[in-house]
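Below are the chains, spelled out letter by letter.
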Amino acid sequence: MSATKSVVCLLDDEFEDLELWYPVYRAREEGAEVLYAGPEKGRKHIGKYGVPAIADISYDELDADRFDGVLVPGGWAPDKIRRDPRVLDFIRRMNELNKPIGQICHAGWVLISAKILEGRTVTSTPGIRDDMENAGSIWLDEAVVIDRNIVSARRPPDLPPYAKAFCDLLFNRE
């Protein structure tokens, strides 16, 4: 099966393992090509529970014209990812192009730093609710919230509906 969509998943150390792997495998099951992007191509990043992922490309190679969607896992990685201006420029451009942006748990920090949440309805782990609201979003305590191109979820138990919602948006399904 040839990939009909291309997705990038952002990496750094201490990602939440399930929040990285579950949506990636779900998108791949649907036929999407999913690449990992990290600060350096080829660098191994270790999840909170010890599962490694290796960056296929570097943040320098992030190009919103190349990818149809982006996944941002939670854990502590988003606090590192959000400090990189290359990532923030990429997230802003993906948003401008109305391409699917999936974020779960603490991944909302990346969208906050990209300054794309003003007036948007989202969810996240309740631990960063204040951060999300202070960025101008409307925060809901729901498993999955879809606002145009942003698909957000709270935590690992929400992974099944989150991954489905992201894939439905990516593949233009209602």
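Residues numbered from 1 in each chain as written. Predicted model: local features only at pLDDT ≥ 70, side-chain atom pairs only at ≥ 80, totals over all residues. Heavy atoms only, no water.

**Some details on the state of the cysteines**
Thinking step 1. Taken as a whole, this structure holds zero disulfides when the rule is applied.
Thinking step 2. Counting only cysteine sulfurs, Cys 167 is the nearest neighbor of Cys 9, a cysteine outside any disulfide, at a range of 12 Å.
Thinking step 3. On the basis of relative accessible area, Cys 9 is assigned to the buried category, the value being 1%.
Thinking step 4. Cysteine Cys 105 is unpaired, with the sulfur of Cys 9 as its nearest cysteine sulfur at 14 Å. (Disulfide = S-S within 2.5 Å. Buried < 20%, exposed > 50% of the residue type's maximum accessible area, 1.4 Å probe, protein only.)

**Focus: the nonpolar core**
Thinking step 1. Counting residues in hydrophobic clusters, the biggest one holds 58 residues, and the most contacted among them are Leu 10, Leu 62, Val 70, Phe 90 and Ile 91.
Thinking step 2. For this core, the element with the highest residue contribution is helix H6 (residues 159–170), accounting for six residues.
Thinking step 3. If near-sequence neighbours (up to four positions away) are discounted, Phe 90 is found in contact with Val 8, Leu 62, Asp 63, Ala 64, Phe 67 and Val 70. (Core = buried A, V, L, I, M, F, W, Y, C linked by side-chain atoms within 4.5 Å. Helix = DSSP H or I, 4+ residues; strand = E, 2+ residues; numbered from the N terminus. Contact = heavy atoms within 4.5 Å.)

**Describing helix H3 (residues 85–96)**
Thinking step 1. The end-to-end C-alpha distance of H3 is 16 Å, a good match for the 16 Å that twelve residues give at a rise of 1.5 Å each.
Thinking step 2. Of the residues one or two after H3, Asn 98 is the one with positive phi, at around 60°. (Expected span 1.5 Å × (residues − 1).)

**Description of the pairing of strand E10 (residues 144–147)**
Thinking step 1. Pairing of E10 with strand E11 (residues 150–153) involves four bridges; the strand directions are antiparallel. When the sheet's bridge partners are listed, Val 145 is paired in E11 with Ser 152. (Pairing = 2+ DSSP bridges.)

**Focus: unusual backbone geometry**
Thinking step 1. In this structure, Cys 105 takes a positive phi of about 65° despite not being glycine.
Thinking step 2. Along the chain, Cys 105 turns up in the loop between strand E7 (101–104) and helix H4 (108–113).
Thinking step 3. Cys 105 sits in the buried class, given a relative accessible area of 9%.
Thinking step 4. Located in the positive-phi region is Asn 172, a residue other than glycine, with phi close to 55°.
Thinking step 5. Its location among the elements puts Asn 172 in the segment after H6.
Thinking step 6. Judged by its relative accessible area of 63%, Asn 172 falls in the exposed class.

**Examining the side chain of Asn 149**
Thinking step 1. Position of Asn 149 relative to the elements: it lies in the loop between E10 and E11.
Thinking step 2. Judged by its relative accessible area of 1%, Asn 149 is buried.
Thinking step 3. Non-local contacts of Asn 149, meaning those with residues more than four positions away in its chain, are made with Met 94, Asn 95, Asn 98, Lys 99, Pro 100, Ile 101, Arg 120 and Leu 169.

**What about the pattern of salt bridges?**
Thinking step 1. Under the counting rule described, the total for this entry stands at 17 salt bridges.
Thinking step 2. The partner of Lys 80 in a salt bridge is Glu 14, with the nearest N and O atoms 3.4 Å apart. Linking Lys 80 in helix H2 (residues 77–81) with Glu 14 in the loop between strand E1 (6–10) and helix H1 (17–29), this pair joins segments that are 66 residues apart in sequence.
Thinking step 3. Look at Glu 14 and you get partly exposed, because its relative accessible area is 36%.
Thinking step 4. Here Glu 96 and Arg 93 are joined by a salt bridge, their closest N and O atoms 3.2 Å apart. On the criterion of helical spacing, the pair formed by Glu 96 and Arg 93 is a turn pair, its members being three residues apart in helix H3.
Thinking step 5. Among the residues examined, Arg 93 registers a relative accessible area of 36% and is labelled partly exposed.
Thinking step 6. Each of the salt bridges in this network shares a partner with another, and the network as a whole consists of Arg 26, Glu 30, Lys 164, Asp 168 and Arg 173. (Salt bridge = Lys/Arg side-chain N within 4 Å of Asp/Glu carboxyl O.)

**Some details on H1**
Thinking step 1. With 13 residues, H1 extends 18 Å between its outermost C-alpha atoms, agreeing within 8% with the 18 Å of an ideal straight helix rising 1.5 Å per residue.
Thinking step 2. Of all the positions in H1, only Asp 17, Glu 19, Leu 20, Trp 21, Pro 23, Val 24 and Ala 27 are classed as buried.
Thinking step 3. Tucked into the core, H1 has its buried residues touching E1, strand E2 (33–38), strand E4 (52–54), strand E6 (69–72), E7 and H6.
Thinking step 4. Its side-chain oxygen placed 2.8 Å from the backbone nitrogen of Leu 18, Glu 16 serves as the N-cap of H1. (Polar contact = N/O pair within 3.5 Å; in protein donor to acceptor, adjacent residues only side chain to side chain.)

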